[in-house]
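One letter stands for each residue in the lines below.
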Amino acid sequence: MSRTEWWRSAAIYQVYVRSFADGNGDGTGDLAGVRARLPYLAELGVDALWFTPWYLSPLADGGYDVADYRTIDPAFGTLAEAEALLAEARALGLRTIVDIVPNHVSDQHPWFKAALAAGPGSPEQELFHFRPPSAEPPNDWVSEFGGVPWSRTESGQWYLHLFTPEQPDLNWNHPKVRQEHEEVLRFWFERGAAGVRIDSAALLAKADGLPDMPADGGPHPFHDRPELHGIYRTWRRLAEEYDAVLIGEIWLPDPERFARYLRPDELHTAFNFDFLARPWDAAELRESIAMTLAAHAPVGAPATWVLANHDVTRTVTRYGRAEDTGFAFARKRSGVPTDLDLGTRRARAAALLSLALPGSVYLYQGEELGLPEAEIPPERVQDPMHARSGGVDPGRDGCRVPLPWRTDGDGPSWLPRPAGWERYAAERQSGDADSMLSLYRTALRLRRAFRDAGGLRWLPMEAPHVLSFARTVPDGGGTVLCVVNFGPPEVALPAHRELLLASGPLTPSGGLPQDTAVWLRA
Ligand code: NOJ
């Protein structure tokens, strides 16, 4: 394969395997299901697929508790099927990104089982963070999922887990931990993976001695540690051997610190969660876009645009609420009043906005179908966030419900599909020119013509409730304008030669109504 920088402007589709498509009818998505739907993904017009962890896992955290990186979970299929999938996807022009979870492993991983068996002081325990028995936990850290990030072994020892007790943290000061991950990267690159998404990428390194949180705002003991940059420089050299890309899951509010991970010898790109976290508001989103582009420019990395993933409330629901209840731990709520028509109008406009911006863009499965967040009956919830919040937070299952494919229903599913979801079925939307699916298909096709244009130029016509910008393709390739009206007043379209695409109907006088976006050829 030739050396290209495809990732700078790619559209990447996130496949949550367990809920994408069910090939054997047992209610759990699997690789056979994905393989059968590859033509659907190619027709959608994305460039690459990112698979959330598909490895052997007890599924204590939806697969982010990996027991073996070189084995596909039998619920999903086999390694041979994964290899076939990669090849079939590539033949359809789709690259594959796999998920790597370096901060922790499953408590069923052979290393952790060996550490428990070998006991205190053993070399096996040096791969993790064990501490001797004591009345109080060894430090005052708080788990990313809430509560104390320390649990006890049967002998009373403590071990660290920034997420659930079933996800012990690895000790990244240990050469064996580093070497193993380099080998796992090679394992998947040699099988044709075009890159990796790195889970919790800013958490792996811990301050020596695991000190308490600093009282004076000093360096954080486990977020954004300086040691991480050396790890990613090593990974970058390895990735370059395979022309593969490194994509970081990095939640950091400071854009300058975020961009340090994207220096030319570190990660290629990282998810832009600031954009995702902003409300549907022109000033907020403009600020986020401007800040994002300004932060990326000095390091020469492309921005990324993300509206949804498997951890956050689905876009049409988020934008259909007066106030977003957020996606930080224990902040989601059930039963929040939601206007799905409003949310859908905004999500359609947001799709055109994000797909017009310079950089790469991520779609989460079901976003192209306009799926809302589902409310899961508490007794069916599987996400550990629910129980860890004392049942206050419904957890993340509401965005993980298996996709509706068929107009006449899809059979059993491990999380219940809400009544009436057939109306979102891909089969039904496929033939409807006004559907969300048709909007995404058309937008992704049109985007190919201008996605490699340079940066954006804000248009001067702006009123405070409007975002509008131009992307000009060099060498006479033309200019595309994107105009988004957050309203309420309608907006007159700027001078143009052709209306390329609109997220909803224009007003009778040809104006752009509230919560609507257009792409124009200037
Ligand atoms: C981030 C993943 O996206 C999330 O689903 C997971 O629970 C945590 N990292 C822990 O691996």
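Everything that follows concerns the structure shown earlier in this document.
On a predicted model such as this, the values are computed, not experimentally measured, just so you know.

Chemist: Break down the overall build of the protein for me, with residues and values.
Modeler: Regarding its fold elements, the protein presents 14 helices and 18 strands. In terms of C-alpha radius of gyration, the protein reaches 23 Å, essentially the compact-globule figure of 24 Å for 522 residues. In terms of overall dimensions, the protein has a C-alpha envelope of 75 × 50 × 45 Å along the principal axes. Burial statistics for the protein: of 522 residues in total, 58% are counted as buried. When contacts within the protein are restricted to residue pairs at least 6 apart in sequence, long-range pairs at least 24 apart make up 65% of them.

Chemist: Account for the packing of helix 11 (residues 340–356) against helix 14 (residues 436–447), naming residues and giving values.
Modeler: Their axes nearest at 10 Å, the elements helix 11 and helix 14 cross at an angle of 10°. On the basis of the axis angle, helix 11 is roughly parallel to helix 14. Like other packed secondary-structure pairs, helix 11 and helix 14 cross with a definite hand, here right-handed. Within the contact between the two elements, helix 11 uses T344, A347, R348, A351, L352 and L355 and helix 14 uses M436, L439, Y440, A443, L444 and R447. For the contact of helix 11 with helix 14, the residue count by class is nine nonpolar, one polar and two charged.

Chemist: Would you mind going over the site of the ligand in detail, with residue names and values included?
Modeler: Contacts to the ligand come from 13 residues, most closely from D61, D199, H310, D311 and R396. For the ligand, whose unbound accessible area comes to 300 Å², protein coverage reaches 97%. Tallied by class, residues from the shell around the ligand come to three nonpolar, three polar and seven charged.

Chemist: Describe in detail the pattern of salt bridges, supporting the description with residues and values.
Modeler: Between side chains of opposite charge, a pair can form when the charged atoms approach closely. Summed over the entire model, instances satisfying the criterion amount to 30 salt bridges. The salt bridge partner of D265 is R233, with a shortest N-O separation of 2.9 Å. You can see D265 sitting in the loop between helix 7 (255–260) and strand 11 (269–270) and its partner R233 sitting in helix 6 (residues 227–242), a full 32 residues away along the chain. In this structure, E266 and R263 form a salt bridge, with 3.0 Å as the shortest nitrogen-oxygen distance. Taking the relative accessible area as the measure of exposure, E266 reaches 0% and is therefore buried. A cluster of three or more residues bridged by salt bridges with shared partners is formed by D61, D311, D383, R396 and R400.

Rules of the game
- Residues numbered from 1 in each chain as written.
- Predicted model: local features only at pLDDT ≥ 70, side-chain atom pairs only at ≥ 80, totals over all residues.
- Heavy atoms only, no water.
- Helix = DSSP H or I, 4+ residues; strand = E, 2+ residues; numbered from the N terminus.
- Rg over C-alpha atoms; globule rule 2.2 N^0.38 Å.
- Buried < 20%, exposed > 50% of the residue type's maximum accessible area, 1.4 Å probe, protein only.
- Contact = heavy atoms within 4.5 Å.
- Axes fitted to C-alpha atoms, helices over the stretch in contact; angles between N-to-C directions.
- Parallel < 35°, antiparallel > 145°, perpendicular 65-115°, else oblique.
- Left-handed = near helix turned anticlockwise from the far one by under 90°.
- Nonpolar A, V, L, I, M, F, W, Y, C, P; charged D, E, K, R; others polar.
- Near = heavy atom within 4 Å.
- Areas by Shrake-Rupley, 256 points an atom, 1.4 Å probe, with all protein chains shown as cover.
- Salt bridge = Lys/Arg side-chain N within 4 Å of Asp/Glu carboxyl O.

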